[in-house]
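# Tertiary structure, described
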Amino acid sequence: LMHITLADNSIDIPPGDKAYRTHDSCVVPIDMDAVSIFPHMHMIGKEIKVTASFPDGKAEILLWIDEWDFNWQNIYEFAAPIRLPRGTKLSMDAVFDNSAENPHNPNHPPKRVRWGEQTFNEMSLVFVNTVPVRESDVRELEASLAPRTPHGPAPNSAASEAPPPSAPIAPAPF
């Protein structure tokens with residue numbers, strides 16, 4: 001089991017912003033089957049969507065939670081594996097609501113929220129758990145894992161306390 005990481009650690013949400021957006025994407029380097037997906041946001045997350053855009057031009061929504069609840073962070077297993085042919089683009093788009101009208105906002109009045117691991121910070125992160133279609137492709141997969149920094153500030157910058165993994169595909173931690 002390998003996971004493809006989609007993450008945007010450039011989060012810097014001004015107080016009062018009702019629709020702050022984050023995004024990340026990557027292209028699948030070999031044929032893989034997606035078996036499950038794990039979205040992660042904190043308290044002011046509002047919506048998260050993951051889309052697979054296939055090389056033939058078709059697209060499929062893999063996950064769409066349009067009313068995020070912090071308690072819904074879980075691994076969602078697909079009813080059947082979803083084939084992701086080489087060249088499939090995976091995209092994550094998330095929306096955050098840092099307004100006083102958001103009943104889940106722990107800050108009253110709202111204050112600036114940045115990326116971080118604490119619940120009072122925010123994250124925009126998805127693991128797509130996959131299996132290579134052909135075992136023989138694993139070496140090609142490993143060779144294609146050039147370091148990649150998810151959208152956002154470099155590690156150790158003021159806005160990034162502990163950035164998410166820097167490689168888009170890695171062995172799953174579970």
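Notes on the structure in this doc start here. (Residues numbered from 1 in each chain as written. Predicted model: local features only at pLDDT ≥ 70, side-chain atom pairs only at ≥ 80, totals over all residues. Heavy atoms only, no water.)

### Observations regarding the overall build of the protein
Tallying secondary structure elements over the protein gives one helix and 11 strands in all. Counting only residues that meet the buried cut, the protein has 47% of its 174 residues in that class. Long-range contacts, defined here as pairs at least 24 residues apart, represent 78% of the contacts in the protein between residues at least 6 apart. Carbon and sulfur atoms make up 53% of the accessible area of the protein, which amounts to about 8,700 Å² in all. (Helix = DSSP H or I, 4+ residues; strand = E, 2+ residues; numbered from the N terminus. Buried < 20%, exposed > 50% of the residue type's maximum accessible area, 1.4 Å probe, protein only. Contact = heavy atoms within 4.5 Å. Areas by Shrake-Rupley, 256 points an atom, 1.4 Å probe, with all protein chains shown as cover.)

### Description of the sheet that holds strand β3 (residues 20-27)
The strand order across the open sheet formed by four strands is β3-β8-β5-β6, and the pairing between neighbours is antiparallel. Single-partner strands in this sheet number two, and they are β3 and β6 (59-65). The mean angle between the axes of side-by-side strands here comes to 15°, regardless of whether they run parallel or antiparallel. As judged from the six bridges shared by strand β5 (residues 45-53) and β6, these two strands associate in the antiparallel manner. Across the sheet, the residue bridging to T51 is I61, located in β6. (Pairing = 2+ DSSP bridges. Axes fitted to C-alpha atoms, helices over the stretch in contact; angles between N-to-C directions.)

### Overview of unusual backbone geometry
The amide bond that connects H108 to the next residue, P109, takes the cis arrangement and shows omega of 5°. Tracing the backbone through its elements, the reader meets P109 in the loop between β8 (89-96) and β9 (113-114).

### Some remarks on the nonpolar core
A general trend in soluble globular proteins is that nonpolar side chains are found buried together. Of all hydrophobic cores here, the largest spans 35 residues; its most connected members are I48, V50 and L90. Only β1 (2-7), β3, β4 (32-40), β5, β6, β7 (76-84), β8 and β10 (125-132) provide two or more residues apiece to this core. A per-element tally of this core places β8 first, with four residues. In this structure, L90 is in contact with I4, L6, D24, S25, C26, V28, T51, A52, L62, L84 and V128, ignoring residues within four places of it in sequence. (Core = buried A, V, L, I, M, F, W, Y, C linked by side-chain atoms within 4.5 Å.)

### What to know about the layout of surface pockets
A water-sized probe rolled over the atoms picks out the places where empty space is left. In this model, the largest pocket occupies a volume close to 170 Å³. Forming the walls of the largest pocket are I44, G45, K46, D66, E67, W68, D97, E101, N102, P103 and H104. (1 Å grid on protein atoms, 1.4 Å probe; cavity = no way out; pocket = protein on both sides within 12 Å on 5 of 7 lines; lining within 4 Å. Points joined across faces, edges and corners; volume = space filled by probe spheres on them.)

### A closer look at the environment of N74
By the secondary structure assignment, N74 is in the loop between β6 and β7. Separated by 34 residues in sequence, N74 and H40 have C-alpha atoms that sit 8.1 Å apart. Setting aside chain neighbours within four positions, we find N74 in contact with I37, F38 and P39.

### Digging into the pairing of β10
For β10, the tally of buried residues reaches seven of eight residues, placing the bulk of the element in the interior. In terms of strand pairing, β1 meets β10 through six bridges, oriented antiparallel. When the sheet's bridge partners are listed, L6 is paired in β10 with V126. In the sheet, β4 pairs with β10 via eight bridges, with the strands oriented antiparallel. Paired with F38 across the bridge in β10 is F127.

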